[in-house]
Amino acid sequence: MTRPRVGVVALQGGVREHIELLASLDAVPVPLKQPTDLLGPDGLRVDAVVLPGGESSTIDRLLKMFGLGEPLSEAIAAGLPTLGTCAGLIQLAARIEDPAPGQGCFGVLDVSVRRNAFGRQIDSAETRLETAWGPAQVAFIRAPEVVTYGSSVTPVATLHDRIVAVTQGSITGIAFHPELTGETLFHRRLLDSIA
Ligand code: GLN
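What counts and how
- Residues numbered from 1 in each chain as written.
- Predicted model: local features only at pLDDT ≥ 70, side-chain atom pairs only at ≥ 80, totals over all residues.
- Heavy atoms only, no water.
- Buried < 20%, exposed > 50% of the residue type's maximum accessible area, 1.4 Å probe, protein only.
- Helix = DSSP H or I, 4+ residues; strand = E, 2+ residues; numbered from the N terminus.
- Contact = heavy atoms within 4.5 Å.
- Core = buried A, V, L, I, M, F, W, Y, C linked by side-chain atoms within 4.5 Å.
- Phe/Tyr/Trp six-rings, centres within 6.5 Å; stacked < 30°, edge-to-face > 60°.
- Lys NZ or Arg CZ within 6 Å of the ring centre and 35° of its normal.
- Near = heavy atom within 4 Å.
- Polar contact = N/O pair within 3.5 Å; in protein donor to acceptor, adjacent residues only side chain to side chain.
- Areas by Shrake-Rupley, 256 points an atom, 1.4 Å probe, with all protein chains shown as cover.
- Nonpolar A, V, L, I, M, F, W, Y, C, P; charged D, E, K, R; others polar.
- Right-handed = clockwise from strand over helix to strand, strands pointing away.
- Pairing = 2+ DSSP bridges.

Among all positions of helix H3 (residues 56-66), only Ser56, Ser57, Thr58, Ile59, Asp60, Leu62 and Leu63 are buried. Against strand E1 (5-9), helix H4 (69-77) and helix H5 (87-92) lie the buried residues of H3.

See the structure below:
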């Protein structure tokens, strides 16, 4: 089987760790900046996509500036297997409860999110999470939480009774960083979901 090509939105934030983790799982990481990184003459250039963490309002601004946001959200809505981490989860959401001025989101994942939901309590912390898919060693950094979700969304993990991981069809959104601890669970599932 040919190695799957996985796009990694490479505008700002923790891009390199996702690229290294994907490469360690025998995928071909494809940094995405321009629309042409995503779309070639024959259609999509990638089999799946990862939206890394970072500063979600900055990433949103850069997605618009580079023109990548629209084709990317359309590809995700059309079924491209997708993993969004932290700011990536915020970008996928249908609604941000406390957006920065002018900040938008893709609206492809039927959740509302609240940014920086855990305050100083876990501003930055590594923890072992029990998820519906098994245990995961992950890092939380100014993490968002999922506040509400639609009937097509399944919660996958909670922390302190708050939802921090969800899935909806081909899309998974997680509020934390598995790539910083070398946790492969979510990336492996993304690769397994490629048809
Ligand atoms: N708090 C950040 C935001 O609102 C997300 C943090 C992260 O991605 N680690 O964009």
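To continue, consider the nonpolar core. In terms of nonpolar packing, the biggest core is built from 60 residues, with Leu72, Ile76, Val164 and Phe176 touching the most fellow members. Not counting chain neighbours up to four residues away, the residues in contact with Leu72 comprise Val9, Leu38, Val49, Leu63 and Phe106.

Now for the packing of aromatic side chains. All chains considered together, the criterion is met by 4 aromatic pairs. Relative to Phe140, the ring of Phe118 lies with its centre 6.0 Å away and its plane at 70 degrees, an arrangement referred to as edge-to-face. Linking Phe118 in the loop between strand E8 (109-114) and strand E9 (124-131) with Phe140 in strand E10 (residues 134-141), this pair joins segments that are 22 residues apart in sequence. In this pair, the class of Phe118 matches that of Phe140, namely buried. Three or more aromatic residues joined by ring pairs make a cluster, and in this case those are Phe118, Trp133, Phe140, Phe176 and Phe186. One cation-aromatic arrangement involves Arg189 over Trp133; the distance from NZ or CZ to the ring centre is 3.8 Å.

Gly53, Gly54, Glu55, Ser56, Cys86, Ala87, Ile90, Arg115, Asn116, Ile141, Arg142 and His177 make up every residue found near the ligand. Within the backbone of Ile141, an N or O atom sits 3.1 Å from a nitrogen atom of the ligand. Contact with the protein chains removes 95% of the 300 Å² of surface that the ligand exposes when unbound. Class assignment of the residues belonging to the shell around the ligand gives a composition of 4 nonpolar, 5 polar and 3 charged.

A separate point is the side chain of Ser112. Looking at the secondary structure, you find Ser112 in strand E8. Judged by relative accessible area, which is 1%, Ser112 ranks as buried. A polar atom in the side chain of Ser112 sits 2.6 Å from the side chain of Thr148. Setting aside anything within four residues of it in sequence, one finds Ser112 in contact with Arg95, Glu97, Glu145, Val146, Val147 and Thr148.

The buried fraction of E1 amounts to 4 of the 5 residues, a majority that puts the element mostly inside the structure. One crossover worth recording links E1 to the parallel strand E2 (residues 28-32) by way of helix H1 (residues 15-24), and it is right-handed. Where E1 and strand E5 (residues 48-51) come together, 3 bridges link them in parallel fashion. The residue of E5 that forms the bridge with Val8 is Val50.

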